[in-house]
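# Summary of structural features
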Amino acid sequence: MAARLIDGKQIAASLLANVKERIDERERRGRPRPSLAVILIGDDPASAVYVRNKTEACRQVGVVSVSHIRKTAPSEAELLALITELNEDASINGILLQLPLPPPLRPELFIEHILPAKDVDGFHPYNMGRLAVRRPALRPCTPAGVMTLLHHTGGSLRGLHAVVVGASNHVGRPMGLELLLAGCTVTTCHRFTTDLRAHVASADILIAAAGKPALIPGDWIKEGAIVIDIGMNRLANGRLVGDIDFAEAQKRAAWITPVPGGVGPMTVATLLANTLEAATLQSAR
Ligand code: GUN
């Protein structure tokens, strides 16, 4: 039987509609609209597209976006000074530093300089640590968006074996923490994992986040699994594909996300939800 599609586009649209409703409601109570500062450094075309999608989503829900675009990279000191300014600006609720940064700029230096309360990406070690100790504050957007997709499949996640392929700081690692928090038994696979196939074959929930096209053949997947593909790989012919062979995987899985139209829109919608949450928490102080 063919898998049911998890429609990330539609689920993201309903999350955005909910965020807009809550922002409109706040406005009726005289609260200012939440605001998001977006920093884009360099000329990476994919980053420019992501930032455009994020600012368009801000417009859609009524978040004020303030762009800081620097085509030529600033010095470390200049970028730190910009972040300090945004940290201290009470009219800014969220700060998003689009990654990757052009070398030699070191992302961790700047991520750690963002005030945790304004870290709407959830990348600051404080926010990652809060997730690790089961007291989540601002959660990394892609893993949180994946959890929303998983909950839409309707079943309990408790006790399921979740296998995450990829152990990056911003996706694979927090993804494992989210699944653990939801009561899954979690395995994280990475470049040194031996016998990836055996791990994939034992997954009730398979999450691919390696960024390698065709890394996971569809016939490795357990019958009835929930399959989430976070990979977004642009092929030479211009096609966008995930890490999993979709056509074959679809024949075995119970649920599957498409690429594009699966996880991608959820990352953006979760960013907007985080921006509203940051604004709400800041005004409660
Ligand atoms: N680059 C690719 N994805 C992301 C993301 O979710 N946040 C940031 N800041 N940069 C990215």
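Please refer to the structure placed before this passage.
Before going into details, it helps to say that this report is about the structure given with it.

Definitions and cut-offs
Residues numbered from 1 in each chain as written. Predicted model: local features only at pLDDT ≥ 70, side-chain atom pairs only at ≥ 80, totals over all residues. Heavy atoms only, no water. Helix = DSSP H or I, 4+ residues; strand = E, 2+ residues; numbered from the N terminus. Rg over C-alpha atoms; globule rule 2.2 N^0.38 Å. Buried < 20%, exposed > 50% of the residue type's maximum accessible area, 1.4 Å probe, protein only. Contact = heavy atoms within 4.5 Å. Lys, Arg positive; Asp, Glu negative; His and termini not counted. Charge placed at Lys NZ, Arg CZ, Asp CG, Glu CD. Core = buried A, V, L, I, M, F, W, Y, C linked by side-chain atoms within 4.5 Å. Near = heavy atom within 4 Å. Polar contact = N/O pair within 3.5 Å; in protein donor to acceptor, adjacent residues only side chain to side chain. Areas by Shrake-Rupley, 256 points an atom, 1.4 Å probe, with all protein chains shown as cover. Pairing = 2+ DSSP bridges. Axes fitted to C-alpha atoms, helices over the stretch in contact; angles between N-to-C directions. Salt bridge = Lys/Arg side-chain N within 4 Å of Asp/Glu carboxyl O. 1 Å grid on protein atoms, 1.4 Å probe; cavity = no way out; pocket = protein on both sides within 12 Å on 5 of 7 lines; lining within 4 Å. Points joined across faces, edges and corners; volume = space filled by probe spheres on them. Nonpolar A, V, L, I, M, F, W, Y, C, P; charged D, E, K, R; others polar.

Next up on the list: the overall build of the protein. Across its full length, the protein carries 10 helices and 11 strands. Taking 2.2 N^0.38 as the reference for a compact globule, 285 residues should give roughly 19 Å; the C-alpha atoms of the protein span a radius of gyration of 19 Å, in line with that estimate. Overall, the protein is about 50 × 45 × 40 Å in size when its C-alpha atoms are taken along their principal axes. The 285 residues of the protein split such that 48% are buried. Contacts in the protein between residues at least 24 apart in sequence constitute 71% of all its contacts with a sequence separation of at least 6. When the 31 positive and 27 negative side-chain charges of the protein are each reduced to one mean point, those points stand 4 Å apart.

A few words on the nonpolar core. Ranked by size, the top nonpolar core spans 47 residues in total, and within it Leu150, Leu179, Ile207, Ile228, Ile230 and Leu272 carry the most contacts. If you tally residues by element for this core, the top one is helix H10 (residues 263-283), at 9 residues. In this view, Leu150 contacts Leu157, Leu179, Ile205, Ile207, Ile226 and Ile228; residues no more than four positions away in its chain are not counted. Counting 18 residues, the second largest nonpolar core, distinct from the first, contains Cys189, Ala208, Ile216 and Trp220.

This part covers the site of the ligand. Around the ligand sit Lys54, Leu97, Gln98, Leu99, Asp121, Phe123 and Thr267, and that is every residue in its neighbourhood. Between Leu97 and the ligand, the recorded distance is 2.7 Å, taken from a backbone N or O atom to a nitrogen atom. Contact distances for the ligand include 2.8 Å between a nitrogen atom and a backbone N or O atom of Leu99. When the ligand sits alone it has 280 Å² of accessible area, and the protein chains cover 78% of it.

Strands belonging to one sheet form pairs held by backbone hydrogen bonds; the direction of such a pair is parallel or antiparallel. Reading across from one edge, E3-E2-E4 is the order of the 3 strands in this open sheet, with parallel pairing throughout. A single partner strand is all that each edge strand has here, and the edge strands are strand E3 (64-70) and strand E4 (94-97). The sheet shows a mean angle of 15° between the axes of neighbouring strands, direction not considered. For strand E2 (residues 35-41) and E3, the ladder comprises 7 bridges, and the chain directions are parallel. Bridging across to E3, Ala37 finds its partner in Val66.

It is worth spelling out the pattern of salt bridges at this point. Overall, the coordinates contain 8 salt bridges when judged by the stated rule. Between Glu25 and Arg29 there is a salt bridge, and its shortest N-O distance comes to 3.1 Å. Residue Glu27 is joined to Arg33 by a salt bridge in which the shortest nitrogen-to-oxygen separation is 2.8 Å.

On to the sheet that holds strand E11 (residues 255-256), then. The 6 strands lie next to each other as E1-E11-E8-E7-E5-E6, forming an open sheet whose pairing is parallel. Strands with a single pairing partner mark the edges of an open sheet, and in this sheet they are strand E1 (4-5) and strand E6 (185-189). Taken together, the 4 bridges between strand E5 (residues 161-165) and strand E7 (residues 205-208) define a ladder with parallel strand orientation. Bridge pairing in E7 links Val165 to Ala208. Sheet strands touched by helix H6 (residues 141-151): E7 and strand E8 (226-229). Its angle to E8, the strand with the most contacts, is close to 150°.

Glancing now at the side chain of Thr142. By the element assignment, Thr142 lies in helix H6. If near-sequence neighbours (up to four positions away) are discounted, Thr142 is found in contact with Val171, Ile230, Val263 and Thr267.

So, on to the layout of surface pockets. It is a probe the size of a water molecule, rolled over the atoms, that shows where empty space is left. Its boundaries defined by the atoms lining it, the second largest pocket holds a volume of some 210 Å³. Taken together, 15 residues form the lining of the second largest pocket, with Arg239, Val241, Gly242, Ile244 and Phe246 sitting closest to its centre. Those elements that place two or more of their residues in the lining of the second largest pocket are strand E10 (240-241) and helix H9 (246-252). Looking at the lining of the second largest pocket, its residues break down into 10 nonpolar, 2 polar and 3 charged.

Below, the discussion takes up empty space enclosed by the protein. Counted under the stated rule, the structure contains 1 cavity of 30 Å³ or more. Its volume calculated, the largest cavity comes out at about 40 Å³. Taken together, Ile95, Leu96, Leu97, Ile111, Ile114, Asp119, Asp121 and Phe123 make up the lining of the largest cavity. Broken down by element, the lining of the largest cavity gets its largest block of residues, 3 residues, from E4. Classifying every residue of the lining of the largest cavity gives 6 nonpolar, no polar and 2 charged.

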